[in-house]
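Below, each chain spelled out in residue letters.
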Amino acid sequence: PEKTLSFSCGVLLIFLSLSSPLHILSDHYLFSAHMVQHVIITLIAPPLLIIGTPGWLISPIFQKKPILKTFKLIFSPLIAIIFFNFVFSIWHIPALYELSVKYHWVHVSEHILFVLAAIIMWWPLCSQISEVPRLIYPLQMMYLFVMSLAQVIVFGIITFASDPIYVHYVEAPRIWNISPLVDQQLGGIIMKVGSGFLFLALLIVAFFKWANQSNQHDHFKS
């Protein structure tokens, strides 16, 4: 029941983020709404999907050694960090961003890439299978610390720019009296501060789980 609920919530969140008023706001009016959408499809829904997928369902995929080696490489911490941050950063280059809001198929491709990259990024923290397991707690803490610092440059540029970067939102109809620059700054804050706090909170959780695990081990030895 818990896994079913988790997976269902993940699917529902992706559906709502891409098929609700939030999607209309993000496509036609507000950069900040676009960042809320990205938070949902990269930081909230993917871990729910991984946690909600039963191990027995996907374990057979990893029975063949070549496939297992490939996925172990893809889901390795270094590759996961580099791939996720590369995908997310490159799509916020103004030329690519404008292309994604101009052509629907490019936008769909962008979101599919985001979800795939996010699943790879979350796997070392949420894996449900022994073949490609989650990281031990000390390594989780290091992983989360690096992720909390990642993309600082990209979102620093977006947040502290003196002029709007994305023409699409400069030309968009104004709603709620939010200027294009304030909207852009708000979007940068939502994505970077939101992700930073999330990763640091999970780092603290991993630390306490590690401490509890160590205490139990010491108690067992004594």
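Provided above is the structure to which this section pertains.
Rules used throughout
Residues numbered from 1 in each chain as written. Predicted model: local features only at pLDDT ≥ 70, side-chain atom pairs only at ≥ 80, totals over all residues. Heavy atoms only, no water. 1 Å grid on protein atoms, 1.4 Å probe; cavity = no way out; pocket = protein on both sides within 12 Å on 5 of 7 lines; lining within 4 Å. Points joined across faces, edges and corners; volume = space filled by probe spheres on them. Helix = DSSP H or I, 4+ residues; strand = E, 2+ residues; numbered from the N terminus. Nonpolar A, V, L, I, M, F, W, Y, C, P; charged D, E, K, R; others polar. Core = buried A, V, L, I, M, F, W, Y, C linked by side-chain atoms within 4.5 Å. Buried < 20%, exposed > 50% of the residue type's maximum accessible area, 1.4 Å probe, protein only. Contact = heavy atoms within 4.5 Å. Phe/Tyr/Trp six-rings, centres within 6.5 Å; stacked < 30°, edge-to-face > 60°. Disulfide = S-S within 2.5 Å.

1. Quick word on the layout of surface pockets
Size it by volume and the largest pocket reaches roughly 310 Å³. Taken together, 15 residues line the largest pocket, and the ones lying closest to its centre are L125, C126, R134, L202 and K209. Elements that contribute at least two residues to the lining of the largest pocket include exactly α3 (31–51), α8 (104–126), α9 (137–149) and α12 (180–221). Classifying every residue of the lining of the largest pocket gives twelve nonpolar, one polar and two charged.

2. Quick word on the nonpolar core
With 44 residues, the main nonpolar core has M121, W122 and Y143 as its most contacted residues. Put simply, the parts of the chain that give this core at least two residues each are α3, α6 (77–90), α7 (94–102), α8, α9, α10 (152–160) and α12. Of all the elements, α8 adds the most residues to this core, at eleven residues. Residues within four places of Y143 in sequence aside, it is in contact with P77, A80, I81, I120, M121, P124, L125 and L135.

3. Points about the packing of aromatic side chains
What the rule picks out here adds up to 14 aromatic pairs. Geometrically, the ring pair formed by F75 and W123 is stacked, given 4.5 Å between the ring centres and 10° between the ring planes. On the criterion of sequence distance, the pair formed by F75 in the loop between α5 (65–74) and α6 and W123 in helix α8 is long-range, its members being 48 residues apart. Residue class for W123 comes out buried when judged on its relative accessible area of 8%. Where F88 meets F155, the ring centres are 6.0 Å apart and the plane angle is 40°; that geometry is what we call tilted. Taken together, the residues span a long stretch of sequence, with F88 in helix α6 and F155 in helix α10 at a distance of 67 residues. The class of F155 is buried, set by a relative accessible area of 2%. Aromatic ring contacts, followed pair by pair, group F31, Y97, Y166 and Y169 into a single cluster.

4. Concerning empty space enclosed by the protein
Evaluation of the coordinates by the stated rule reveals two cavities of 30 Å³ or more. Approximately 50 Å³ is the volume found for the largest cavity. Lining the largest cavity we find L43, F84, N85, M147, Q151, M191, S195 and F199. Those elements that place two or more of their residues in the lining of the largest cavity are α6 and α12. It is α12 that provides the largest number of residues to the lining of the largest cavity, a total of three residues. Class assignment for the residues of the lining of the largest cavity results in five nonpolar, three polar and no charged. Its boundaries defined by the atoms lining it, the second largest cavity holds a volume of some 30 Å³. Lining of the second largest cavity is provided by F31, P164, I165, Y166, Y169, V170, P180 and Q184. Broken down by secondary-structure element, the contributors of at least two residues to the lining of the second largest cavity are α11 (167–171) and α12.

5. Brief notes about the side chain of S89
Along the chain, S89 turns up in helix α6. What S89 contacts, discounting residues up to four positions off in sequence, is Q151 and V154.

6. A look at the state of the cysteines
Inspection of every chain in the model, using the stated rule, returns zero disulfides. Considering cysteine sulfurs only, C126 is the nearest to C9, which forms no disulfide, with 15 Å between them. With a relative accessible area of 31%, C9 lands in the partly exposed category. Judged by relative accessible area, C126 falls into the buried class, the value being 7%.

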